[in-house]
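As a plain string of letters, each chain reads:
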Amino acid sequence: TSLVVNLRNAVSEEPLLAAPAISTHVLVNGPVTLVPLSEFQEEDGAKIYDHLFPTEKLHRVFYETIPSTSSVLLFSLEETICATFDSLFDRVVYHSSFTPVLRHFSRKNATLLGTSAKRVFVYGHEKGIEVAIFDENRLVMFNGFPLLRAADAAYFVFNMVHFLSEQPTVLSYYVAGNFEL
């Protein structure tokens, strides 16, 4: 069964879900991209996202501002799923699952950590890893990679570091999440 069918069944069977709520927050786990805050134009968000992640499925593109990184995170969700949430709940707010991760990483100030200004954060999950590289509070690079084996994580991380022309041994690395493959 699909997410839409399961959601409709849950709302009809679970009294708690049918109770009035001020708002419903939906956490979306899917592809994301970042746009510098200074260059972001709301009307261009869907065009940018669709260019990077082309799909035949109808979808809505959302954005969240992450002031601590001076960037805007773009993400999307299939239209049928959005329409189902909108029909079942009064006020639906969509969030990317990567927003809290990036906010958390950006707050890890180099001075407080007693480390170099450039820091590499690696977040592992069941589908792969997300890598964020910060220079002080500035987000320099963010990318996600699928993993077939745990050794792939080191390959992707060190290739990103190499791309920045950095010596891997002078950076600070922080690893979190689940790396079971």
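Here we summarise the structure given alongside this text. (Residues numbered from 1 in each chain as written. Predicted model: local features only at pLDDT ≥ 70, side-chain atom pairs only at ≥ 80, totals over all residues. Heavy atoms only, no water.)

A count of helical and extended segments in the chain gives seven helices and nine strands. Principal-axis analysis of the C-alpha atoms places the extent of the chain at approximately 55 × 40 × 35 Å. Across the 181 residues of the chain, 36% fall into the buried class. Pairs at least 24 apart in sequence give 54% of the contacts found in the chain among residues at least 6 apart. As presented, the chain carries roughly 10,900 Å² of accessible surface, and 57% of it is formed by carbon and sulfur atoms. A distance of 5 Å separates the average location of the 13 positive side-chain charges in the chain from that of its 20 negative side-chain charges. (Helix = DSSP H or I, 4+ residues; strand = E, 2+ residues; numbered from the N terminus. Buried < 20%, exposed > 50% of the residue type's maximum accessible area, 1.4 Å probe, protein only. Contact = heavy atoms within 4.5 Å. Areas by Shrake-Rupley, 256 points an atom, 1.4 Å probe, with all protein chains shown as cover. Lys, Arg positive; Asp, Glu negative; His and termini not counted. Charge placed at Lys NZ, Arg CZ, Asp CG, Glu CD.)

Another point: the pairing of strand 4 (residues 71–78). Extensive coverage of strand 4 is indicated by the burial of seven of its eight residues. Relative to strand 4, strand 2 (residues 32–36) runs antiparallel, the two being bridged by five bridges. Looking across to strand 4, one finds that Val 32 is bridged to Phe 75. Alignment of strand 3 (residues 59–66) against strand 4, held across eight bridges, turns out to be antiparallel. Residue pairing in the sheet places His 59 in a bridge with Glu 78 of strand 4. Hairpin connection of strand 3 to strand 4: four residues between the antiparallel strands, including Ser 70 at a positive phi of 55°. (Pairing = 2+ DSSP bridges.)

Next up on the list: the packing of aromatic side chains. A full pass over the atoms with the stated rule returns 13 aromatic pairs. Here a set of aromatic residues connected by ring pairs shows up, and it is made of Phe 62, Phe 75, Phe 85, Phe 89 and Tyr 94. (Phe/Tyr/Trp six-rings, centres within 6.5 Å; stacked < 30°, edge-to-face > 60°.)

What follows deals with the pattern of salt bridges. For the structure shown, the criterion picks out six salt bridges. Across the salt bridge formed by Glu 78 and Lys 57, the nearest N and O atoms sit 3.5 Å from each other. Taken together, the residues span a long stretch of sequence, with Glu 78 in strand 4 and Lys 57 in the loop between helix 3 (45–52) and strand 3 at a distance of 21 residues. According to the relative accessible area criterion, Glu 78 is partly exposed, its value standing at 31%. Of the charged contacts, one joins Glu 79 and Arg 60 as a salt bridge, the two residues approaching to 2.9 Å between their closest N and O atoms. Highlighted residues: Glu 79 in helix 4 (residues 79–88) and Arg 60 in strand 3, separated in sequence by 19 residues. (Salt bridge = Lys/Arg side-chain N within 4 Å of Asp/Glu carboxyl O.)

Read across the sheet, three strands follow the order 2-4-3 without closing on themselves; strand pairing throughout is antiparallel. The strands lining the two open edges of the sheet, one partner per strand, are strand 2 and strand 3. The mean angle between the axes of side-by-side strands here comes to 30°, regardless of whether they run parallel or antiparallel. Seen against the sheet, helix 3 touches strand 2, strand 3 and strand 4 and runs at an angle of roughly 110° to strand 3. Contacts from helix 5 (residues 98–107) reach strand 2, strand 3 and strand 4 within the one sheet, and its direction differs from that of strand 3 by about 15°. (Axes fitted to C-alpha atoms, helices over the stretch in contact; angles between N-to-C directions.)

In this structure, Leu 77, Phe 85, Tyr 94, Ala 132 and Phe 142 are the most contacted members of the largest nonpolar core, which totals 25 residues. The element that contributes the greatest number of residues to this core is helix 5, accounting for four residues. Not counting the four nearest positions on each side in its chain, Leu 77 is found in contact with Val 28, His 59, Arg 60, Phe 62, Cys 82 and Tyr 94. In terms of nonpolar packing, the next biggest core, distinct from the first, is built from 13 residues, Val 122, Ile 129, Phe 145 and Ala 153 among them. (Core = buried A, V, L, I, M, F, W, Y, C linked by side-chain atoms within 4.5 Å.)

Turning our attention to helix 7 (residues 151–163). A rise of 1.5 Å per residue sets the reference length of helix 7, with its 13 residues, at 18 Å; its end C-alpha atoms lie 19 Å apart and thus fit the reference within 8%. Of all the positions in helix 7, only Asp 152, Ala 153, Val 157, Met 160 and Val 161 are classed as buried. Where helix 7 ends, the next residue or the one after it, Ser 165, has phi of about 60°, a positive value. (Expected span 1.5 Å × (residues − 1).)

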